[in-house]
Amino acid sequence: MNAIEVKNLRKEFKAYSSRSGLKGAFRDLFTRNYKIVPAVNNISFSVKQGEMVGYIGENGAGKSTTIKMLTGILTPTSGQISVNGMNPHKERERFVRTIGVVFGQRSQLWWDIAVQESFRLLKKVYKVTDEQYDDHMQHVINTLDIEPLLDKPVRKLSLGQRMRCELAAALIHNPPLLFLDEPTIGLDVLVKLKIREFLKEINEKYNTTILLTTHDLSDIEALCERVIMLDEGKVIYDGGLHDLKENLADGKELHFQFLEKVDLPAVQAATSSLPVKWELNEKDQVFIATVENQDELISQVIAAIVASFKIKDININETSTEEIIRNIYEKGAVEVG
């Protein structure tokens, strides 16, 4: 069963422009010039129940606009949406009880009251029974380590503390689908790790579907096996993160450190018969060989260097996901074999 189904989804906005001069300003009072700009441009995708999917793109690519349509905040210009078997706009009251939403820049907690009072209000909004609340939320509170924060007003919490409480608030009604829009923005490493572990746990325990938008690709790598990549309102890639790295990585970098003094021409000469590009990090005295991602070629380069020099250390580094995605946006298209 699909938790989310999107077909030919489109959202257009009017972009107004001002005329120049006093006469132009006067005319603008009565008629405005504008052009239609598509923020989301006829996209289609589906997400299965229990999947954790990364929804990524540069600023202005259409990520947040898509999330707002999927959660019923915005109405599409055209296209079809089905989320948890419902239309988010037409079955609003029933629909919101089946989703949880965390926007990294916005709060669903009341600023001046204690966290637990916000939880109690949300419990009534979602019509959660005392038994359901106690059974589910105690686990959430313990796992996110927010018990000491429950009596504090939200305004007195740090960003990391507030985000953990926001996540707990989104799960009060134990929704089958969770939308996360930049949930770890500005957080330190330890808080990020705690949130990631928690998301994995609820996905495994409750089969919770998670759609995650973020600029932090380490979140995507830690949580999602599948990514949907957006550029200028269009889907340019939808598939496995592993496939993306396997097929689009430019190659591998072999980092060598030597026990003796070696210069760049010497290592180039040792591998002159092989297709390898060398550079030297003079600060750390690390020689970097860039080669295609072929096991045999990598072995040949290492063998040639080991036979010619005394080695102190060798590291094999893959092209990072961040670099792969940056290259994709520069090229403007994705072709995965």
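Rules behind the numbers
Residues numbered from 1 in each chain as written. Predicted model: local features only at pLDDT ≥ 70, side-chain atom pairs only at ≥ 80, totals over all residues. Heavy atoms only, no water. Helix = DSSP H or I, 4+ residues; strand = E, 2+ residues; numbered from the N terminus. Buried < 20%, exposed > 50% of the residue type's maximum accessible area, 1.4 Å probe, protein only. Contact = heavy atoms within 4.5 Å. 1 Å grid on protein atoms, 1.4 Å probe; cavity = no way out; pocket = protein on both sides within 12 Å on 5 of 7 lines; lining within 4 Å. Points joined across faces, edges and corners; volume = space filled by probe spheres on them. Phe/Tyr/Trp six-rings, centres within 6.5 Å; stacked < 30°, edge-to-face > 60°. Lys NZ or Arg CZ within 6 Å of the ring centre and 35° of its normal. Core = buried A, V, L, I, M, F, W, Y, C linked by side-chain atoms within 4.5 Å. Salt bridge = Lys/Arg side-chain N within 4 Å of Asp/Glu carboxyl O.

A.B. asks: Could you give an account of the side chain of Thr209, naming the residues involved and the relevant values?
C.D. replies: On the secondary structure map, Thr209 appears in strand β7 (residues 209-213). We classify Thr209 as buried; its relative accessible area is 0%. Once you skip the residues sitting within four places of it in the chain, Thr209 turns out to touch Ala3, Val47, Lys48, Gln49, Gly50, Glu51, Pro176, Leu177 and Leu178.

A.B. asks: Describe in detail the layout of surface pockets, supporting the description with residues and values.
C.D. replies: Looking at the largest pocket, its volume works out to about 280 Å³. The wall of the largest pocket is formed by 14 residues, among which Arg92, Val96, Ile99, Val101 and Tyr126 lie closest to the centre. Sorting the residues of the lining of the largest pocket by element identifies α3 (92-96) and β5 (99-103) as the ones contributing at least two each.

A.B. asks: So, the packing of aromatic side chains: which residues are in play, and what are the values?
C.D. replies: The tally for this structure, following the rule as stated, stands at six aromatic pairs. Each residue in the set Phe256, Phe258, Trp278, Phe287 and Phe309 is aromatic and connected to the rest through ring pairs, giving one cluster. Lying across the ring of Phe13, Lys11 places its NZ or CZ 5.5 Å from the centre.

A.B. asks: Requested: an account of the nonpolar core, with residues and values cited.
C.D. replies: Residues Phe119, Leu167, Leu178, Leu199 and Leu244 are the most contacted members of the largest nonpolar core, which totals 50 residues. Ranked by size, the runner-up nonpolar core spans 26 residues in total, among them Val6, Tyr55, Val83 and Phe179.

A.B. asks: Go over the pattern of salt bridges with me, naming the residues and quoting the values.
C.D. replies: Under the criterion given, the structure shown has twelve salt bridges. In this structure, Arg10 and Glu12 form a salt bridge, with 2.7 Å as the shortest nitrogen-oxygen distance. Residues Lys123 and Asp130 are paired through a salt bridge, measuring 2.6 Å at the closest nitrogen-oxygen approach. A relative accessible area of 15% means that Lys123 is categorised as buried. Each of the salt bridges in this network shares a partner with another, and the network as a whole consists of Glu51, Arg226 and Asp238.

Read these as layout, nothing more, since geometry by itself doesn't imply function.
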